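Observations on the model geometry
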Amino acid sequence: MKKTVNLHKPVLAVGPFHPLQEEMEYFKLTVDGEIVTDIDVRISYNHRGMEGISETLQFDQVPYLVSRICGICSASHPLAYVQAVEEICGIKPPERALYVRTIINEMERLHSHILWAGLAGHFIGYDTVFMWAWKYREPILDLLEEITGNRNNYGNVRVGGCREDIQEELKPKILDEMDKLEKKIEMLTKAVLDDPILHMRLKGVGILSKEDGIRYAITGPTARGSGIDIDVRRDDPYAAYGELDWKVITAPEGDVFAKVVVRLLEVLESIKMIRQAVKKLPKGPITTEVKEIPPGEGCGRAEAPRGETFHYIRSDGGNRPVRHKMRAPSYVNVPSFKASCIGQHIADVTITLAAVDPCYSCTERLAVVDGHHNIVHDYDALLKMSRDKTARLKKELGLRELKMKDFEIE
Amino acid sequence: MKKEVRFEKMNEKELKNKLEKIKDKLTKIEQTSEKRIFLYCESENSHSVNKYLFEEVPLRFVIETGIDSVDYFEILYHYACDDTGWVVTLKTFIRDHEKPSIESIAPFLPGAEWTEREIHDELGIEFKGHPNMRRLILSDDWPEGVYPLRKEVPK
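Note that the structure is a prediction, hence the values are computed from the model and not measured. (Residues numbered from 1 in each chain as written. Chains lettered and ligands numbered in written order. Predicted model: local features only at pLDDT ≥ 70, side-chain atom pairs only at ≥ 80, totals over all residues.)

What to know about the overall build of chain B
Quick reminder of the rule: The way it works is that DSSP assigns letters per residue, a run of H or I at least four long becomes a helix, a run of E at least two long becomes a strand, and they are numbered from the N terminus. Here exposure depends only on C-beta density: within 10 Å of a residue's C-beta, 20 or more other C-beta atoms make it buried, 12 or fewer make it exposed, and intermediate numbers make it partly exposed, the C-beta atoms being placed from the backbone. Contact criterion: two residues are in contact if their C-beta atoms, reconstructed from the backbone, are within 7 Å.
For chain B, the count of helices and strands is three helices and seven strands. The N-to-C order of helical and strand elements in chain B reads α-β-β-α-β-β-β-β-α-β. Looking at chain B as a whole, 40% of its 155 residues are labelled buried. Considering only residue pairs separated by 6 or more positions, chain B has 51% of its internal contacts joining residues 24 or more positions apart.

Here's what the structure looks like:
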């Protein structure tokens, strides 16, 4: 698809929106030939006014609202919220509830990171990775459905505990699935870390320095891939994280490759955590009775797959919050594109944007305007540019493109 | 990985000592629970206190919350201290409810650019010195002067 337009400035438009994922964004990139020289972001095409809605709901209704902020982070938002309310009340949920919360949240991280790995592969033309990763993700969603009744939007936390318990007979199945998943992810991780094409394609691309990261207040794997050693699970332990043996993964490089490595290794850590939590799961009730919420204010936070989720609650002693502030991790991670995209090639923009794990679907409406020739490229053309670059690198390395006939058995 | 000066481990006592140093600019220091501390100050001191918290202590910026308290506005600057797991919240009061304004912290903290634009949309608070005070969350056809999170707006 090619058409001619008249523009004074060469502009690359990413967006505006595609209402499939949690965020819609419009990126206006100013380009000089192949190089991005400036970036402007517009968000809120699908603003739902949740902070306002929350003030009209009762405290026990809010978890179901905030789990709908994001389909993928639908465990960490309610968890951050209930922790803020529990802080106001000064109550501690039963031990078993803390372990159930940990297991659900780590399963959420597993399926989110694996989903990301698949999409990242898709963007640079590794569709096998895409199909494998999404296949590996499926059993985790099935487990979540067996525990909570839903594949997403689990609605499993409430102020003072959990709604659904992990049944004893499900424990062997969870452990079994974790063993299976670990082997697959180890294989995937080795394949990625050994692949010379991926090294050439992702190393040194979209670098976000540690200093820029701190100034933009980024969190999560985006921060840890830039050498910022933070993780709420370790720094301010909530649920049962303080009682498990695991480590925070960081990589100092700050490029896309570092973020891939951090996420893949985090998947292995999450598997370790789930295994320990299932084995240590204490006996007892999963909820305590909460009569009323006293006046006061509380801050709850949880490490979502994309970074720190922060909820601030103010109560005046009534049955509704008077102010509820929610901050999702992408809200601070997305503006860091201003530091990572400038100076990049257009062919690297898709994967640089994807490395932060924001809304992918935006890129489906990607269009490029080349100032010198006034040609508009659509999404398919950009995707082709990204894939062609991978193919070119393969050729330079002397690797042969596989054909279907290679697989034919004589 | 080599630790840089910026993330040198700080313990709770050191953090409290550092917060004590700006006591004369604050009106109150309140610890609400084990790991949560609230600092109170008036809007004219907010810029210098924020600069101190972010650059000198140093703390990690999390988010700003704007609240309409009918007679006055509150802006809450939430910071995280990752060494100790504390959340430090600076609570700033804007007494002028008619024409609320406060100095922006975005010039030295670009991570606060979006949240200040959002508060401007929701509550109509002017951030002086903000590099890019366009609308962030309200649509282009939203009427001027209607601020959805103000208490006078019916829910």
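What follows continues from the structure just given.
A look at the confidence of the model for chain B
Residues and elements named next belong to chain B. The following threshold applies: Every residue carries a pLDDT, the predictor's confidence in it, which falls somewhere between 0 and 100.
Mean pLDDT over chain B: 90, with 95% of residues reaching 70 or higher. For residues 1-7, every residue scores under 50 in pLDDT, and the model assigns this stretch seven contacts once sequence neighbours within four places are set aside. Reported for the predicted complex are a pTM of 0.86 and an ipTM of 0.92.

Here's the deal with the interface of chain A and chain B
The cut-off we apply is this: Throughout this entry, Asp, Glu, Lys and Arg are counted as charged residues, while Ala, Val, Leu, Ile, Met, Phe, Trp, Tyr, Cys and Pro are counted as nonpolar. The remaining residues, Gly among them, count as polar.
At the interface, 31 residues of chain A touch 29 residues of chain B. Elements supplying a minimum of two residues to the side of chain A that touches chain B: helix 1 (50-54), helix 8 (210-215), strand 6 (296-304), strand 7 (307-315), strand 8 (321-327) and helix 12 (330-333) of chain A. Looking at side-chain class alone, the side of chain A that touches chain B contains 12 nonpolar, eight polar and 11 charged residues.

Topic: the domain arrangement of chain A
Residue and element names in this part refer to chain A. What counts is decided by this rule: An automatic or database domain assignment supplies the residue ranges for each domain.
In terms of domains, chain A is made up of domain 1 (11-46 + 333-345 + 354-397) and domain 2 (50-331). Opposite the 23 residues of domain 1 that make contact, domain 2 presents 30 residues. Among the secondary structure elements, those contributing two or more residues to the side of domain 1 that touches domain 2 are helix 13 (337-340), helix 14 (346-355) and helix 15 (379-396). Sorting elements by how many residues they give to the side of domain 1 that touches domain 2 places helix 15 first, with six residues. Its residues assigned to classes, the side of domain 1 that touches domain 2 comprises 11 nonpolar, six polar and six charged.

Some details on the nonpolar core
Keep this limit in mind: Residues enter a nonpolar core if they are buried, belong to Ala, Val, Leu, Ile, Met, Phe, Trp, Tyr or Cys, and are joined to the set through C-beta atoms within 7 Å.
Residues A:V85, A:L264, A:I351 and B:V88 are the most contacted members of the largest nonpolar core, which totals 145 residues. If you count residues domain by domain, this core takes at least three from each of domain 1 (11-46 + 333-345 + 354-397) and domain 2 (50-331) of chain A. Setting aside its immediate chain neighbours within four residues, A:I351 contacts A:A120, A:F123, A:I124, A:L202, A:V205, A:V256 and A:S386.

Side note on the packing of helix 5 (residues 127-148) of chain A against helix 6 (residues 171-194) of chain A
Residues and elements named next belong to chain A. Threshold: Comment: axis = line fitted to C-alpha atoms, over the contacting stretch for helices; angle = value between 0 and 180 degrees taken between N-to-C directions. An angle below 35 degrees is treated as roughly parallel, one above 145 as roughly antiparallel, one from 65 to 115 as roughly perpendicular, and anything else as oblique. The handedness criterion is simple: a crossing whose near helix is rotated anticlockwise from the far helix by less than a right angle is left-handed, and one whose near helix is rotated clockwise is right-handed.
Running from amino to carboxyl end, helix 5 crosses helix 6 at an angle of 165 degrees, the nearest separation of the two axes being 11 Å. The angle between helix 5 and helix 6 places the two elements in the roughly antiparallel class. Every pair of crossing elements has a handedness; the one defined by helix 5 and helix 6 is left-handed. Along its contact with helix 5, which presents W132, A133, Y136, P139 and L143, the element helix 6 presents I174, E177, L181, K184 and L188. Residues that form the contact of helix 5 with helix 6 fall into these classes: eight nonpolar, no polar and two charged.

What to know about the sheet that holds strand 7 of chain A
Residues and elements named next belong to chain A. Rule in force here: At least two DSSP bridges between two strands are needed for those strands to be called paired.
Strand order in this open sheet of three strands is 6-7-8, and the pairing throughout is antiparallel. The open sheet is flanked by strand 6 and strand 8, the only strands paired with a single partner. Averaged over all pairs of adjacent strands, the angle between strand axes in this sheet comes to 15 degrees, irrespective of strand direction. Strand direction decides the pairing type here: strand 6 and strand 7, joined by nine bridges, are antiparallel.

Digging into the sheet that holds strand 2 (residues 36-42) of chain B
Residues and elements named next belong to chain B. Spatial strand order, 1-2-5-4-3: five strands in an open sheet with mixed pairing. The two strands at the open ends of the sheet, each matched to only one other strand, are strand 1 (28-33) and strand 3 (60-68). Going from strand to strand, the sheet's axes swing by 20 degrees on average, the running direction of each strand aside. Relative to strand 4 (residues 73-81), strand 3 runs antiparallel, the two sharing eight bridges. By the bridge assignment, F61 is partnered in strand 4 with Y79. Packed onto the sheet, helix 3 (residues 113-123) meets strand 3 and strand 4 and runs at close to 5 degrees relative to strand 3.

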